[in-house]
Amino acid sequence: MNYEQNHSDEEKLIEKIVETKRVAKVVKGGRNFSFTAIVVVGDKQGNVGVGNGKANEIVDAIRKAKEKAVKNMFKVPIVKGTVPHEVVARYGASKVLIKPAAPGTGVIAGGTARAIFEAAGIENILCKSLGSNTPTNVVKATINGLKSMRTLSDISRLRNKTMAQLTGQEEK
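Remember, predicted model here, so these are calculated numbers, not experimental data.

Rules behind the numbers
- Residues numbered from 1 in each chain as written.
- Predicted model: local features only at pLDDT ≥ 70, side-chain atom pairs only at ≥ 80, totals over all residues.
- Heavy atoms only, no water.
- Helix = DSSP H or I, 4+ residues; strand = E, 2+ residues; numbered from the N terminus.
- Expected span 1.5 Å × (residues − 1).
- Buried < 20%, exposed > 50% of the residue type's maximum accessible area, 1.4 Å probe, protein only.
- Core = buried A, V, L, I, M, F, W, Y, C linked by side-chain atoms within 4.5 Å.
- Salt bridge = Lys/Arg side-chain N within 4 Å of Asp/Glu carboxyl O.
- UniProt positions renumbered as here; feature names shortened; annotations may be inferred.

A.B. asks: Hey, could you go over helix 4 (residues 135-147) for me, with residue numbers and the actual values?
C.D. replies: An ideal rise of 1.5 Å per residue puts 18 Å on 13 residues; helix 4 measures up with 18 Å between its terminal C-alpha atoms. Buried within helix 4 we find Asn 137, Val 138, Val 139, Ala 141, Thr 142, Ile 143, Gly 145 and Leu 146.

Here's what the structure looks like:
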């Protein structure tokens, strides 16, 4: 789904800056400094995207990251304000455990993953970062986990079965 074509009004998008940092490249005459930024963009309706930006000015890096995030948006399956099932996702040395939570729990997650869940509009979720806590890898692991989520209706459509057949409620 191309998000830009379906939603021309970008005022509804929520932008969260996950990380900004200054990086140095050592050259013959000394050091060249530039900035990198990781930005999460979402509409609180189940659409979320993450982007990386690099530039010589921090404002430009954030702008580039936001543009990439809007281009990379995808739909997150949300069932009753939480995710449909538990998942463990990896990226590099980072490992993220994402669990559905009961209504009223809220978003229990570290700052890096919290930004993604809040931008996506997930109200109740438990998330634990295991392994490396590098923001870039935690963000990518969380995105991998959310992209791998499937609802019961998705699975029934893939297997060409009814929901009753999947849940075992159909009489044989």
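A.B. asks: Pulling in residues and values, what's your account of the nonpolar core?
C.D. replies: As a rule of thumb, soluble globular proteins bury nonpolar side chains together. Of all hydrophobic cores here, the largest spans 27 residues; its most connected members are Val 48, Ile 98, Ile 116, Phe 117, Ile 122 and Leu 146. Elements that contribute at least two residues to this core include exactly strand 2 (30-42), strand 3 (47-55), strand 6 (94-100), helix 3 (111-120), strand 8 (125-131) and helix 4. Here this core gets six residues from one element, more than from any other, and that element is helix 3. Of all hydrophobic cores here, the second largest spans eleven residues; its members include Ala 37, Val 41, Val 70 and Met 73.

A.B. asks: Hey, could you go over unusual backbone geometry for me, with residue numbers and the actual values?
C.D. replies: Most peptide bonds take the trans form, and the phi angle of most residues other than glycine is negative. Its identity as a non-glycine residue notwithstanding, Lys 80 has a phi of 55 degrees, on the positive side. Position of Lys 80 relative to the elements: it lies in the loop between strand 4 (74-75) and strand 5 (87-91). According to the relative accessible area criterion, Lys 80 is exposed, its value standing at 78%. Look at Asn 160: it is not a glycine, yet its phi comes out positive at around 55 degrees.

A.B. asks: Now, about the pattern of salt bridges: what can you tell me, with residues and values included?
C.D. replies: Here the structure, examined in full by the defined rule, presents six salt bridges. As a salt-bridge pair, Lys 66 and Glu 15 come within 3.5 Å of each other at their nearest N and O atoms. Taken together, the residues span a long stretch of sequence, with Lys 66 in helix 2 (residues 58-71) and Glu 15 in strand 1 (residues 14-27) at a distance of 51 residues. Lys 66 sits in the partly exposed class, given a relative accessible area of 25%. A salt bridge links Glu 118 to Arg 114, with the nearest nitrogen and oxygen atoms 3.6 Å apart. Of this pair, Glu 118 and Arg 114 both sit in helix 3, separated by four residues, roughly a single helical turn. On the basis of relative accessibility, which here comes to 30%, the residue Arg 114 falls in the partly exposed class. Several salt bridges share partner residues, and in doing so they unite Lys 16, Arg 114 and Glu 118 into one network.

A.B. asks: Pulling in residues and values, what's your account of the UniProt feature "domain: S5 DRBM" (unreviewed entry) in the chain?
C.D. replies: In the UniProt entry, the feature "domain: S5 DRBM" (unreviewed entry) is given for residues 13-76. End C-alpha to end C-alpha, residues 13-76 measures 15 Å, and it is 22% helix and 59% strand.

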